[in-house]
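# Residue-level structure breakdown
Take a look at the letters that make up each chain.
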Amino acid sequence: MPVQTSDQRWAAQAAAGDQSAFRELYRAHVRPVYWIAHSILGSAADAEDVTQETFVTAWRKLTGFELQGESILPWLATICRFQAANRLRQRRRDLAHTTDAAEETLASTISVEEQVITAALATRIAAEVGTLSELDQEIFRLCAAEGYAYQAAADELGVSHAIVRNRLSRVRTRLRGAVKEASEA
């Protein structure tokens with residue numbers, strides 16, 4: 001019998017109603033899902049909301065779900081893209097109802113497809129972030145995911161501003177390299 005990946009095992013257990021297995025899926029994939037949402041929406045607050053909506057939707061749809069591949073991330077990425085597209089449509093409706101300048105404040109043509117990180121790329125980025133040291137992961141999370149300024153992240157982590165700035169620069173360079181490799185493959 002082939003060995004199951006963690007995602008396959010957790011998905012099967014979560015589909016059977018195991019909340020702790022679903023928490024493991026959440027912990028494993030919340031960052032890449034957040035980044036997909038953020039790349040589409042450009043707003044940390046909206047990306048956080050869409051990330052949560054993605055996992056709520058996934059939990060509801062898991063009953064009877066059978067993971068076909070090794071990773072659940074492509075399925076989560078698809079849910080996230082739909083949730084983000086819904087959020088963009090809602091933004092446009094809200095702006096149209098509240099101001100005549102809606103088209104000036106929101107790009108007239110937002111192509112979700114152009115802004116979406118593919119599931120394979122999201123998987124690659126998540127894998128690359130997973131190989132970083134614990135400090136680098138925390139710096140990346142605070143500065144890139146949560147929008148902390150260098151000094152605020154330094155204070156939170158008990159390190160210097162220069163350490164945060166230099167390490168974040170190296171992490172970004174490394175991730176750009178991973179993204180470039182993935183796009184060339």
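Calculation criteria
Residues numbered from 1 in each chain as written. Predicted model: local features only at pLDDT ≥ 70, side-chain atom pairs only at ≥ 80, totals over all residues. Heavy atoms only, no water. Helix = DSSP H or I, 4+ residues; strand = E, 2+ residues; numbered from the N terminus. Buried < 20%, exposed > 50% of the residue type's maximum accessible area, 1.4 Å probe, protein only. Contact = heavy atoms within 4.5 Å. Axes fitted to C-alpha atoms, helices over the stretch in contact; angles between N-to-C directions. Parallel < 35°, antiparallel > 145°, perpendicular 65-115°, else oblique. Left-handed = near helix turned anticlockwise from the far one by under 90°. Nonpolar A, V, L, I, M, F, W, Y, C, P; charged D, E, K, R; others polar. Core = buried A, V, L, I, M, F, W, Y, C linked by side-chain atoms within 4.5 Å. pLDDT = per-residue confidence, 0-100. Polar contact = N/O pair within 3.5 Å; in protein donor to acceptor, adjacent residues only side chain to side chain.

### Concerning the overall build of the chain
When helices and strands are tallied, the chain shows ten helices and zero strands. If you list the helices and strands of the chain from N to C, you get α-α-α-α-α-α-α-α-α-α. For the chain, buried positions account for 37% of its 185 residues. The contacts of the chain with a sequence gap of at least 6 include a subset with a gap of at least 24, amounting to 63%.

### A look at the packing of helix H1 (residues 6-15) against helix H2 (residues 19-41)
A pair of packed helices can be characterised by two numbers: the angle between their axes and the separation between those axes. In the contact formed by H1 and H2, the axes pass within 8 Å of each other and the chain directions differ by 135°. Viewed along their axes, H1 and H2 adopt a mutual orientation that is oblique. As H1 packs across H2, the resulting crossing turns out to be left-handed. Contacts between H1 and H2 involve Asp-7, Trp-10, Ala-11, Gln-13 and Ala-14 on the former and, on the latter, Ala-21, Phe-22, Glu-24, Leu-25, Ala-28 and His-29. In the contact of H1 with H2, the residues fall into seven nonpolar, two polar and two charged.

### Structural notes on the side chain of His-29
Within the secondary structure, His-29 is located in helix H2. Residues contacting His-29, with those up to four places away along its chain left out, are Asp-7, Phe-55, Ser-71, Ile-72, Leu-73 and Leu-76.

### Observations concerning the packing of H2 against helix H3 (residues 44-61)
Their axes nearest at 8 Å, the elements H2 and H3 cross at an angle of 140°. Overall, the two elements H2 and H3 adopt an arrangement that is oblique. Two packed elements cross with a definite hand, and for H2 against H3 that hand is right-handed. Across from Gln-19, Phe-22, Leu-25, Tyr-26, His-29, Val-30, Val-33, Tyr-34, Ala-37, His-38 and Leu-41 in H2, the residues of H3 making contact are Ala-44, Asp-46, Ala-47, Glu-48, Val-50, Thr-51, Gln-52, Thr-54, Phe-55, Ala-58 and Trp-59. Of the residues contributing to the contact of H2 with H3, the split by class is 14 nonpolar, six polar and two charged.

### With respect to the nonpolar core
Formed by 28 residues in total, the largest nonpolar core has its most connected members in Phe-22, Leu-25, Leu-41 and Ile-72. Elements represented by at least two residues in this core include exactly H1, H2, H3 and helix H4 (73-98). The element best represented in this core is H2, accounting for ten residues. With near-sequence residues (within four places) excluded, Phe-22 lies in contact with Ala-14, Phe-55, Ala-58, Trp-59 and Leu-62. Counting residues in each nonpolar core, the second largest holds 14 residues, with Ile-125, Leu-132, Leu-142 and Ala-144 among its members.

### Considering the confidence of the model for the chain
Averaged over all residues, the pLDDT of the chain equals 79, while 78% of them reach at least 70. Confidence, read as mean pLDDT per element, is least for helix H6 (residues 112-115) in the chain (46) and greatest for H3 (92). This stretch, residues 100-117, has a pLDDT under 50; its non-local contacts, to residues over four places away or in other chains, come to 23 contacts.

### What about the side chain of Thr-51?
Residue placement: Thr-51 occurs in helix H3. Among the polar contacts listed, one links the side chain of Thr-51 to the backbone oxygen of Ala-47, at a separation of 2.7 Å. Filtering out sequence-adjacent residues up to four positions away, Thr-51 remains in contact with Val-30, Val-33, Tyr-34 and Ala-37.

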